[in-house]
Each structure stands twice: as C-alpha cells, then as structure tokens.
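Below are the chains, spelled out letter by letter.
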Amino acid sequence: MRGLVALLGREKVLGAREDLLLYEYDGAVDTATPDAVVLPESTADVAALARFCHEHRVPIVPRGAGTGLSGGAIPVEGGVVVSFARMARILEIDVPNLRAVVQPGLINLHLSTAVAPHGLYFVPDPSSQKACTLGGNVAENSGGPHTLAYGVTTNHVTGIEIVLSDGTVLRLGGKAVEDEGYDLVGAFVGSEGTLGLVTEITVKLTPLPEDKRTVMAAFPTMDEASETVSAIIAAGIVPSAIEMMDQLATQAVEASVHAGYPLDAGGILLLEVDGPRDGLDDARARIEKICRDHLASEVRVASGALERERLWAGRKGAFAAMGRLSPDYYVQDGVIPRTRLPDILRLVKDAGVRHRLRVANVFHAGDGNLHPLILFDSRLGPDELERAKAAGLEILTACVEAGGSITGEHGVGMEKNCYMPLQFQPSDLAAMRRLKDAFDPDGLMNPGKIFPTPSRCREFAFASTAR
Amino acid sequence: MSATVTRAIPADAAECARVLADAARDRRTVRIRGSGTKSYIGDIAPTDIEIGTSRLAGVIDHEPADLTVTVGAGMRVADVAAVLARAGQFLPLDPPHADEATIGGVIAANSNGVWRARYGAVRDLLIGTRIALADGTVARAGGRVVKNVAGYDLDKVLVGSFGTLGVIVEATFKVLPVPAASDGLVARFVRSADAFAAADAVIRGASRVEACVVERSEGPAWRLAVQARGSAPTVKRAVDDARREVAARQGKSNELGDELGQMRELPARAIDGALVRASLPLAASPAFAETAARLESLAALVADAASGVVRVHLLGDDEAVIRDAEALLLAARVVGGSGRIERRAEQLRSRLSTWPTRPNGDFLMRRIKDSFDPAGILEPGRSAFA
Ligand SMILES: Cc1cc2nc3c(=O)[nH]c(=O)nc-3n(C[C@H](O)[C@H](O)[C@H](O)COP(=O)(O)OP(=O)(O)OC[C@H]3O[C@@H](n4cnc5c(N)ncnc54)[C@H](O)[C@@H]3O)c2cc1C
C-alpha cells in the first residue's frame, strides 16, 4: 500500500476500508474485497503499477464500470483492482478511416453519441451501454441486441494498446483491418482481463442505417414466439435484432418502464430491420405476416422514433426491472442452436419449478443466446442463492448438451470457471492455457477466472459432454 | 533433412495428431497441404513430411435453420458451396483460387475475396475449429453456435497461422440464406482519385454493397466494380446510388460481368514477378495506389475499398520488381498499415522474403508458437515473426 502511494501518488490509490467496499462486487452475485484500488490516469501509470505488482507478485484485476455479469472484476484471490474510471477520453474520431481511438474507461454509449454527428455509430450495444465501458466490452467480447446482424465486439476492434503483467507496453493492430502474424488482437478480445490490461482501443465506426422498422409481436405462448424466430430466419430475412421476453419479464418491465407491452401475452418478440429505406417496408410486411401465421395476437409497428425508443427502453431496462419482482436475481447466459429454443425454454421452466424459484426470460433470441433470470431472495438465507445456482447449472448443462455454450456474451469469470469442463475437454483447456502462459507467464493477471481452480472447483467433477 | 518426402493422408483427427506426435518425437519437419493453391506464400523449404487433408473432407453437420455448417477442413470451398446451395444458403466467403481452395487452407492463410465488404473476413465467419496438435492431442476451439465467449477465442489465432500451430481438421462457419436479387456495375475512370472517391461514397452510403473494388490493369484507366445482393428493392437502390456516384465523378458505368471474379483471382494469375499485399487504413488506399501507379514495374492493382486490402502485381526486370516491392512495403508501413510479399517468381525467392519486417508483438507470437510446437516442426518458413 505504501509502495503504491509512493509510486503513483496519494490521489491515485485507495486503501481505506470504506473505499474498498465499493469495489468488492459487480453485476453478478459473488464478492471479494481488494487489497487496494488504483485509479491510473495514463498508460505510464498502468505500466508502473504492473511492474510494481510483478516485482511483488501481487495479482492485478482490471475493472471498468463493474456491470459485468460473471464476477470478472472481482479480486477473488486478492490483489490490486485497477479502475479505468480516469482513463475515459475519446482520443481521436477518424472519419475518413471510419475509426475511433478511445481510452478503456469510456462509456459505450458516449462513443456512439459522440460520433453520431458524423452519421456514424459503434455497433455493439449491450443493454448496459449507458454504464459499461469499452475496456469491459473488449474484455468480455460483449454483444447486444443489434449484434445479431452486425457482429459482436471482436468484429469491431482493429487495434489495442495493452500492458502485460510485467509492465511491457505493446501496440497490436491499428487502423487497418489486419496485421501480419498471429491475430493477437483477436486473441485478446474476450480474454476477461486475464491476458493483460487494455489501455487504448481502436474501433470500427459504422455508417448509421438510413432508417429502421421496429415491430413488437405478442404470442399466446413462448412456443409460438420461438417458432416465429426460426420461421423468419428460414424465410431468408436477417433482422438486425430479434429479442424475446416471457410473461413474467413483461410484467416487471411494464411495472417499471411502461413500454406498452401487452400483459396477457405468453411471449413477446421485439424485432428490428434496418438499412436503406427501400425494402424496409417489404421486410416488415413479411415479418408481420410470419408473426400472424404463428398466431400473434397483436403485431405493433412503431410509428416513429418515439415509440421505437419506448419499445427498446422496455427491453434495455428489463434486468433493472427485476427489482419489482424480487430483491435478487441470478442471470445465466447459455447459448443454443436457434432450432432448440422451444424445448430448452421448457427445460428452463422446469428447472425453476424443481428448485422452487421463479424464472423470467429476456434474451437475444435471434442468436439463441438465453438470459434466464433466476429470481431469489438472499434475505431468506444462503440456501436461496445455492438453489438459484443449482437451477442455473442445470440450464447450462442442457445448453451444452444441445450443442451450445455456457456463455454467449457475459463471460466465464469466477462464476462459471468451474463449469468449463462441461463444455471443454482437458486438451481444449490446455490449448487455451498456452495462450495464457504466453501473455502472462507468472499468472498475475486476474487469477481465478476462466480456468477451473482446484481449490474452488473441487465439488464440480463433471466429464465433458462436449461434442 | 532427408531427400524423400513422406506423405501422410490421415483419415481422421486422431490419426493426424499421431502423425504429428511421431514427427515431433523424431524432429521431422511437416508441411500441411490442402489443394496446395497457396504454397507460394512464405519462405518455405522442403520438409520431411507432407500431411494431406484430402480425407478430412465432407459435411459433418448442417442444420439449415441454425445457419451454421460444420465441415472437414480438407473439403473444397466450392464443394461446401454446392452443398449449401441445395438448401438455399451460401458460405459468405469468396477466396481466390475459388475452384480448388480448401476450407483448412482458407483459414490457415486467412484467404479472403471481395465479399468482406458486406460479410466480413474469415475471422468474422469462423465460429469453431478442431485442431490436431504436435503433442498428439486434438483440441477444440470455439463451438457450433453463433455466439460463444467461453474461454479464449483460439480460432482467431488459427486464422492466418499457416499451419504453424497445428493441423485444422474441422471448422464451423456461419452461413446465410441466398439473397433474392443481385446486380452490379463496372465503371471506368481516367483518374484514380475519381475511382477511389466514388468507391468511398459507395461504402459510406445507405446501401450495404457486397463488393466494392478498384482495379487498374492494362492501360492507364481505372475500373470500379460494385456488386449488391439482397431483396430486389435494396439491390436496385444500391446500384442506382452507385451509378450516381460514378456519374458525379466523370465515370462511365456498364453492366457488371465477371470483373469481380477476375479481380479476386489476381493472386492466382501473378505467377511471374512479385505480388505485394498490403493492409491499409481505409483512407490511405488512394495515395498508395497513386504511388503504385508511378512504379516502373506495375502490372496490376486491385484495391478492396471496403477493407483497405490492396494487392499490387509487379512485373519486369528483377531489379525493378525488387526495388518497387520494397518501396510499396515501406509505403504501407509509413501510413500505419502492413504488408507482405504474397507471391514471387522462383528466381526472386532468395532476394524477396515474404515478411521482411517483424510485426508488433512478435515475441508473444514466438512464445505461442513454441508452446504449441516446441520441436519447431510445423511449417518452417511460414511464421511472420521468425
Ligand atoms: C443491466 C445489464 C445489462 C447487460 N446487458 C448486456 C448485453 O446486452 N450484452 C452483453 O454482452 N453484456 C451485457 N451486460 C454485461 C456487462 O455490462 C458487459 O459485460 C460489459 O462489457 C462490462 O463492462 P464493464 O465496464 O462494466 O466491465 P467490468 O464489469 O468492470 O469488468 C468486466 C471484465 O472486464 C475486465 N476489464 C475491464 N476493463 C479492462 C481493461 N481496461 N483491460 C482489461 N480488462 C478489463 C475486468 O477485469 C472484468 O473481467 C449487462 C449487464 C447489466 C448489469
């Protein structure tokens, strides 16, 4: 602690108990208190800090806004939390090259707002985009409703500056789409802070679509809603977003946001097509017809920007709205092939019933990325969270057995590292370990994440069901 | 190095891994061969063993409604396309050597065509692989679903790895439904600046075109080829817009024939002289092309306006070709891009190395290589960082 203050100055280091408490949690359910928190203001600060930690063999845990949903920013093995709150500037908006260069602490939405006057935007739009940072997006390879058609974070990052755990500063990639040699930018995106600290990011900017059509469709049950998703895709339509919500979620949203979703629907789809104006109404009409063919009781097309905003506000505010239903929720992020939606959703429901917990579903249906929100009440005792986790594990096991993944965008973190053997064989994990050892041979970057740890994972001894 | 090459054509991933493990134990070097279409890339020398992937072929899984396909790495891209076409779908990759290239080779060489404007590159479409490794194990990276962040994205490291880390035996890609309509145009310009300005307007426009490529081959004229696919109204709009951008810059539009195919196949034709491939920030392409146009040995230039990947074919006197190639690689670096000598005639091999400079992060690349291939047997001469 004293060494850190001497190195960086008092105003960049937090060590008081009450300050540290603010950094012991993120958007998920696990907590741990850091030994110290550092707020660097430059790459040089980050490099100096890394050298210090390397010398003293102290773990380093990067942190953006702390909205992560897998405990990624939690210092489970102690150490220094590095908050990027003071490295939040846009360094360059390069319109001719369709790139922006930003610091990692920049809030996602601030980037799209800043480049909108140039007719551009940054595609990845996590529902947390008003709070989460670009550094967090890079670390988690975040998605969002509109990544269905236009790709997730990794498809929109061309360059990074990183600091390795020994303090080495390295620039990888740049404004061009690719560099020679191995794609280290691609390897780093999605590495959850375990390979290094990202201190600068070069992202692609995309021309804003000329226009959009947003459709809300209400169905008697989730089955019809699921089948509609498959039918739309089978018809050759590729919407920019297909989001689904069940009745419990709709009720919570309506109570808090008043998005205008019908309360009696068993399942709701929120669909969007965007692009050149020509052809949008054609696509919208085809979508409407498919919805009606699948027994939609209501199909509403947003009449303008205001109504579109309202429909989306409901979706983006859905997690927060869970507070209306329950003091706590545990959200899972499994992915399945789209065609398996109806049976897996039934299984999700059964898992809730079996563990005596309510489950709401709000998710990216177009790419088969589930988000079951398992509601529990920690005031009733530790058993509640245990049951929520047990239900979550059943759901993830089913996702893997269906040929899917335990996480589509929230990351493994410390929440699912013990579940990695569900999806991967020892040889698969060994291959990943080689990447880890190349970047961080001393294992100081964000330890206790992604890879199963013997101490915490002893009780989970499952064989891989991976295909 | 022995004089005779041992050929192995493994029937499955496990057999392939065994061949590799034996080779590693005996320190025998290995080359991996799909159809051999890109054997010109790299500073390659003969190896002790050649592993052919032809038996690692065939469709392993294709559920049309999931918009994914899993195939053996030895399968030809053209054959994958034929299978998908029967389901009304396509793999949105159009690499050069279109008839022969195999899936594994396209991944290993990061081989892209002109469609990346719309659909992205190999790295954007590949969602999973299985690889046979030099320690005799088989590992899986990624998965079979379109979204997946469980663990590291090893697929990215394999794209463009030229077989230096292991043998790709299987791959899963995102696929798309075949669009209903297709149209395009090809335009001629006197000045390169006009051709690039029109191209730039097209890629920034409301329509998302499938390809937008500027070319110069024989004669002083510059050509721009634009293709759009999608629903009929969007295609009409895209082509109308492109025609207007062309006319605004004194270009002459004509109907699109097979020009895009010819442009894409430049690497296949560039047997003599040298072919420089540069990846540039988008806005740097016009000046780079101008520089290339002034070179004594310029034979052809193909610039993908949407990605900033530019290929320049140089022909003529060896000394001029070497001098011009080096000038282009330097020009690419100066503007913040990178480049390589993708292909060169046999007599230039010793004088033009594929990767004359090392990329940033070369020491990390070396560590990765050493951990996957500690004996250093895999694809010698095909590491950009060596
Ligand atoms: C209401 C709500 C809705 C959400 N919706 C979505 C959604 O639609 N799609 C989606 O993908 N996610 C979603 N998330 C999850 C979360 O917002 C994203 O994962 C986000 O990218 C995390 O950003 P953050 O800045 O909060 O990162 P944090 O939570 O602070 O950290 C996340 C991880 O990133 C690492 N990290 C942070 N900064 C750096 C850095 N500079 N260098 C290296 N590593 C770093 C941390 O170590 C940690 O492992 C949602 C979360 C909430 C609470």
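Here's a quick rundown of the structure. Please read all numbers here as calculations on a predicted model, not as lab measurements.

## Description of the pairing of strand β3 (residues 49–52) of chain B
As a general feature of sheets, a regular strand has side chains that alternate between the two faces. Residue and element names in this part refer to chain B. The side-chain alternation of β3 yields two buried faces, one formed by I49 and I51 and the other by E50 and G52. Bridge count between strand β1 (residues 6–8) and β3: three bridges; the pairing is parallel. Each residue of the ladder has a partner; that of R7, found in β3, is E50. With four bridges connecting them, strand β2 (residues 30–33) and β3 associate as parallel partners. By the bridge assignment for β3, I32 is matched with I51.

## As for helix α13 (residues 362–372) of chain B
Within α13(B) the residues assigned to the buried category are B:D362, B:L364, B:M365, B:I368, B:K369 and B:F372. Taken end-on, α13(B) shows its buried residues confined to a sector of 160 degrees, consistent with a single buried face. Summarising the contacts, the buried residues of α13(B) are in contact with β9 (169–173), α7 (184–188) and α16 (426–439) of chain A together with α6 (154–158) of chain B.

## Some thoughts on the pairing of strand β9 (residues 167–174) of chain B
All names here are of chain B. Taken across its eight residues, β9 has seven buried, putting it largely inside the fold. Strand direction decides the pairing type here: strand β5 (residues 68–72) and β9, joined by five bridges, are antiparallel. From the neighbouring strand, T70 faces β9, where its bridge partner is T172. Examined bridge by bridge, strand β7 (residues 126–132) and β9 share six bridges and lie antiparallel to one another. Residue pairing across strands places A132 opposite V167, the latter belonging to β9.

## Considerations on the packing of helix α8 (residues 222–234) of chain A against helix α13 (residues 341–354) of chain A
Each pair of packed helices can be described by the angle between their axes along with the distance between the axes. All names here are of chain A. Two numbers describe how α8 lies on α13: the axes approach to 9 Å, and their chain directions differ by 145 degrees. Both α8 and α13 take part in a crossing whose hand is right-handed. For the pair formed by α8 and α13, the contact residues are M222, D223 and S226 on the first element and L341, P342, L345 and R346 on the second. A per-class count over the contact of α8 with α13 returns four nonpolar, one polar and two charged.

## Re the packing of α8(A) against helix α10 (residues 280–293) of chain A
Residues and elements named next belong to chain A. Axis separation between α8 and α10 bottoms out at 9 Å; the angle between their running directions is 140 degrees. The angle between α8 and α10 places the two elements in the oblique class. Here α8 and α10 pass one another in a crossing that is right-handed. Where α8 approaches α10, its residues T228, A231 and I232 are matched on the opposing element by I287, I290 and C291. Classifying every residue of the contact of α8 with α10 gives five nonpolar, one polar and no charged.

## Thoughts on the site of the ligand
Residues and elements named next belong to chain A. Around the ligand there are 35 residues in total, and P62, T67, G68, S128 and T133 lie nearest to it. Between G68 and the ligand, the recorded distance is 2.7 Å, taken from a backbone N or O atom to an oxygen atom. Side-chain polar atom of N137 to an oxygen atom of the ligand: 2.8 Å apart, as the coordinates give it. Relative to its free-state accessible area of 980 Å², the ligand is covered by the protein chains to the extent of 96%.

## A closer look at the interface of chain B and chain A
Counting from both sides, the interface comprises 70 residues of chain B and, opposite them, 83 residues of chain A. In this assembly, chain B packs against chain A so that about 6400 Å² is buried in total across both faces, 56% of it on carbon and sulfur atoms. Across the chain B-chain A interface, the total number found is 10 salt bridges. Remark: the boundary between chain B and chain A carries 32 residue pairs in polar contact (both at pLDDT 80 or more). Ranked by residue count, the leading element in the side of chain B that touches chain A is α13(B), at eight residues. A breakdown of the residues in the side of chain B that touches chain A according to their chemical character gives 33 nonpolar, 18 polar and 19 charged.

## Quick look at the sheet that holds strand β10 (residues 197–204) of chain A
Residue and element names in this part refer to chain A. The strand order across the open sheet built from five strands is β5-β6-β10-β8-β9, with neighbouring strands paired in antiparallel fashion. Looking along the sheet, the strands with just one partner apiece sit at the ends: β5 (90–94) and β9. Averaged over all neighbouring strand pairs, the angle between strand axes comes to 10 degrees, with direction disregarded. As defined by bridge partners, β5 adjoins strand β6 (residues 99–102) across four bridges and the pair is classed as antiparallel. The residue bridging I90 from the neighbouring strand is V102, located in β6. Against the sheet, helix α3 (residues 43–56) touches β8 (157–163), β9 and β10, its axis set at about 50 degrees to β8. Across the sheet, helix α4 (residues 108–115) is in contact with β5, β6 and β10; its angle to β5 comes to roughly 40 degrees.

## Here's the deal with the packing of aromatic side chains
Here a ring pair, both rings aromatic, is described through the centre-centre distance and the interplanar angle of the planes. Inspection of every chain in the model, using the stated rule, returns eight aromatic pairs over all chains. Pairing A:F451 with B:Y152 gives two aromatic rings, centres 5.7 Å apart and planes at 70 degrees, and the pair type is edge-to-face. Of this pair, A:F451 sits in the loop between α16 and α17 (454–457) while B:Y152 sits in the loop between β8 (138–142) and α6, each in a different chain. Each member of the pair, A:F451 together with B:Y152, is buried. Grouped by ring-pair contacts, the aromatic residues B:F90, B:W115 and B:Y119 constitute a single cluster. The ring of A:F451 is capped by A:R433, whose NZ or CZ atom sits 4.1 Å from the centre of that ring. Lying across the ring of B:F90, B:R229 places its NZ or CZ 4.5 Å from the centre.

Conventions and cut-offs
Residues numbered from 1 in each chain as written. Chains lettered and ligands numbered in written order. Predicted model: local features only at pLDDT ≥ 70, side-chain atom pairs only at ≥ 80, totals over all residues. Heavy atoms only, no water. Buried < 20%, exposed > 50% of the residue type's maximum accessible area, 1.4 Å probe, protein only. Helix = DSSP H or I, 4+ residues; strand = E, 2+ residues; numbered from the N terminus. Pairing = 2+ DSSP bridges. Arc of directions from axis to C-beta. Contact = heavy atoms within 4.5 Å. Axes fitted to C-alpha atoms, helices over the stretch in contact; angles between N-to-C directions. Left-handed = near helix turned anticlockwise from the far one by under 90°. Nonpolar A, V, L, I, M, F, W, Y, C, P; charged D, E, K, R; others polar. Parallel < 35°, antiparallel > 145°, perpendicular 65-115°, else oblique. Near = heavy atom within 4 Å. Polar contact = N/O pair within 3.5 Å; in protein donor to acceptor, adjacent residues only side chain to side chain. Areas by Shrake-Rupley, 256 points an atom, 1.4 Å probe, with all protein chains shown as cover. Buried area = accessible area lost by both parts, 1.4 Å probe. Salt bridge = Lys/Arg side-chain N within 4 Å of Asp/Glu carboxyl O. Phe/Tyr/Trp six-rings, centres within 6.5 Å; stacked < 30°, edge-to-face > 60°. Lys NZ or Arg CZ within 6 Å of the ring centre and 35° of its normal.

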